[in-house]
Amino acid sequence: MNSLPLGKITLFSDLHPKLYPAYFNYGTAGFRMPGKVLDSVLFRVGILAGLRSKKMDGKTVGIMVTASHNPETDNGVKMVDPRGEMLDSSWEVYATTLANSSTTEMFLSTLEEFVEAEKIDLSKPARVVYARDTRPSGPALVAALEDGFAAIGAEARNAGITTTPILHYLVKAINTKGTEECFGDDSEHGYFTKLSEAFKKLLLGKPTPSPLVIDCANGVGAPIAAKLAQYLAASMPMLLTNTAIDNPGALNNLCGADYIKTTQKIPPSLMTVLQPGQRACSLDGDADRLMYYYLDSRGQYHMLDGDKIAALVASFIVELVKAAGLENRIKIGVVQTAYANGSSTKYLSTRLPVKCVSTGVKHLHHAAEHYDVGIYFEANGHGTVLFSQQIQNILSGCQPSTLAQSIAINHLINLAQLINQTVGDALSDMLLVEVVLAHRSYGCVEWDSLYTDLPNRLVKVLVEDRNIFKTEDAERRLVSPPGLQEKINDLSHKYDSGRSFVRPSGTEDVVRVYAEAATKQQADELAFRIAGVVYDEAGGDASQRPMEFL
Ligand code: 16G
Ligand code: MG
């Protein structure tokens, strides 16, 4: 087939008309909107995924139907490139244009222009693998996606209901099958086996961890964590909570990783479950973010976020590399965003190079690829560690001269297996944290004391047009509206350890203000004062002005 099957696409496209005037945007996390408006978008993404595969010489492309930590009524879709990474950003624009064509006719002509511009060889095969989370709108949206596959003639594999990171794993496993870089068996069983075997090897000779409470956000993490628990058996005792995937409205409601990070509170459902000193963690709705927390002996809540995970993991890897005698051969680095707590950046910078990039996994992932071992975590709990192929080859070919070196090298090899290197993976990251805690003989308190977080506050500001906000220096400085950054600087300088930045959200129609300072009261005050300034510059309805926190 050397031209688009226009007749077939037309027939199917008429079954999935664009009924809503909404503007669809393929943003940081793909398309994400109320589930009920997405039918036409899913159909078109099905076709686009087929074309992406053809463009990538018939390699398998992934599609995940999820809206992550958003409320249950939302849904979304994102594409995964053949190496298991986010869709190349040059295609995000095509996705947006195709999704917004108002009629089948316009869709077809845009599609033809696009095939021409990208010089897609339509005779290549199209292969896709797709999955969804537990949202009630999922089945109908998947049916629309499947019509897209049928219209373009893609060979499609349904991975069922699974987590975003497992879908990424499957994409990479399928595309590396039978090669030197084989990522693992291309099945859920392969994923669980890879993780659980590496975990057991890393914990050999260490005491079994005490039971870990896991908040599954009433989402897909629940059935998947339950399966993982079977593979881990007695090596990792887990208490699964918030597993009610069939309760209407329960998903991400008063629970989950985003709730933990944004409210800085324990999920109410865990109040009676969590014992002082016991470790707990929360996954988000598609299980690619992870937050830990605990209650101290006085019953006070403490959060261990992505920054704390980065600090724990980075210092462990640095030590292993030294113990392996490879510190001169392996360049390790950490990647963070402007949201990283100032104390974490200070802690990490004394140990290894730290780079700051714009928000969004693709930016962190690409920056981390510049190191031999690149560690990236967003404060919100999304992150992973990348081991370059070259380093993995060095590790497996190494001739250690002492027992200590040999042990350290084996640990590094097993860590590279334990970690889902395609993308942040709450379950894989959780096992990673548990491994480091076991090796260090740390409980939550010891881990938490690596450094003390600067108090911080995040505020959303509703403005008339968030597009007037432009940033530079990894979103740490506003260049537009003119003059606003100077006002932010003046305010920040008034507070001890004051730091603040303002950026337009990539996922919501708001502007975000982050502030940290020496005390909680100061951080809150700084955030609200800056939010007020932002609002005065660009706001609309005065009733939406953020309230002064005093
Ligand atoms: C998305 C991003 C996440 C980022 C967040 C910021 C991916 C897979 N996810 O959830 O990395 O932290 O957006 O949201 O890239 P914001 O732009 O609305 O603040
Ligand atoms: Mg998520």
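Residues numbered from 1 in each chain as written. Chains lettered and ligands numbered in written order. Predicted model: local features only at pLDDT ≥ 70, side-chain atom pairs only at ≥ 80, totals over all residues. Heavy atoms only, no water.

If you look the protein chain up in an unreviewed UniProt entry, it shows as Phosphoacetylglucosamine mutase from Serpula lacrymans var. lacrymans. Quoted verbatim from the Function (unreviewed entry) field of the UniProt record, the comment on the protein chain reads "Catalyzes the conversion of GlcNAc-6-P into GlcNAc-1-P during the synthesis of uridine diphosphate/UDP-GlcNAc, which is a biosynthetic precursor of chitin and also supplies the amino sugars for N-linked oligosaccharides of glycoproteins." Quoted verbatim from the Sequence similarities (unreviewed entry) heading of the UniProt record, the comment on the protein chain is "Belongs to the phosphohexose mutase family." (UniProt positions renumbered as here; feature names shortened; annotations may be inferred.)

To continue, consider the coordination of the magnesium ion (ligand 2). Distances from the magnesium ion (ligand 2) to its protein donors, Ser68 (OG), Asp284 (OD), Asp286 (OD) and Asp288 (OD), fall at 2.0 to 2.2 Å. Each donor residue of the magnesium ion (ligand 2) belongs to the same chain, with the gaps between them written as S-x215-D-x1-D-x1-D. Like aspartate 286, aspartate 284 is buried. (Donors = N, O, S within 2.8 Å, 3.2 Å for Na, K, Ca; no water. Buried < 20%, exposed > 50% of the residue type's maximum accessible area, 1.4 Å probe, protein only.)

Turning to the UniProt feature "domain: Alpha-D-phosphohexomutase alpha/beta/alpha" (unreviewed entry) in the protein chain, a few remarks are in order. Summarizing the sequence annotation, UniProt attributes the feature "domain: Alpha-D-phosphohexomutase alpha/beta/alpha" (unreviewed entry) to residues 60-90 and 118-178 in the numbering used throughout. Structurally, residues 60-90 comprises 6% helix and 42% strand, and the distance from its first C-alpha atom to its last is 18 Å. Secondary structure content for residues 118-178 is 46% helix and 21% strand, while the C-alpha to C-alpha distance between its ends is 29 Å. (Helix = DSSP H or I, 4+ residues; strand = E, 2+ residues; numbered from the N terminus.)

With respect to the secondary-structure elements, threonine 164 resides in helix H6 (residues 164-176). Taking the relative accessible area as the measure of exposure, threonine 164 reaches 1% and is therefore buried.

Attention shifts here to the packing of aromatic side chains. Evaluation of the coordinates by the stated rule reveals 16 aromatic pairs. Centroid distance tyrosine 339 to phenylalanine 501: 5.0 Å. Interplanar angle 65°. Geometry classified as edge-to-face. With a gap of 162 residues between them, tyrosine 339 in the loop between strand S11 (332-337) and helix H11 (342-349) and phenylalanine 501 in strand S18 (residues 499-504) connect regions that are remote in the sequence. Residue tyrosine 339 shares its accessibility class with phenylalanine 501, and that shared class is buried. Ring geometry for tyrosine 339 against tyrosine 514: centres 5.8 Å apart, planes inclined by 85°, an arrangement best described as edge-to-face. Residue tyrosine 339 is located in the loop between S11 and H11, and its partner tyrosine 514 is located in strand S19 (residues 511-516); the two are separated by 175 residues in the primary sequence. Exposure remark for tyrosine 339: the relative accessible area of 14% places this residue in the buried category. Here the guanidinium or amino end of arginine 52 rests over the ring plane of tryptophan 91, the centre of that ring lying 4.7 Å away. (Phe/Tyr/Trp six-rings, centres within 6.5 Å; stacked < 30°, edge-to-face > 60°. Lys NZ or Arg CZ within 6 Å of the ring centre and 35° of its normal.)

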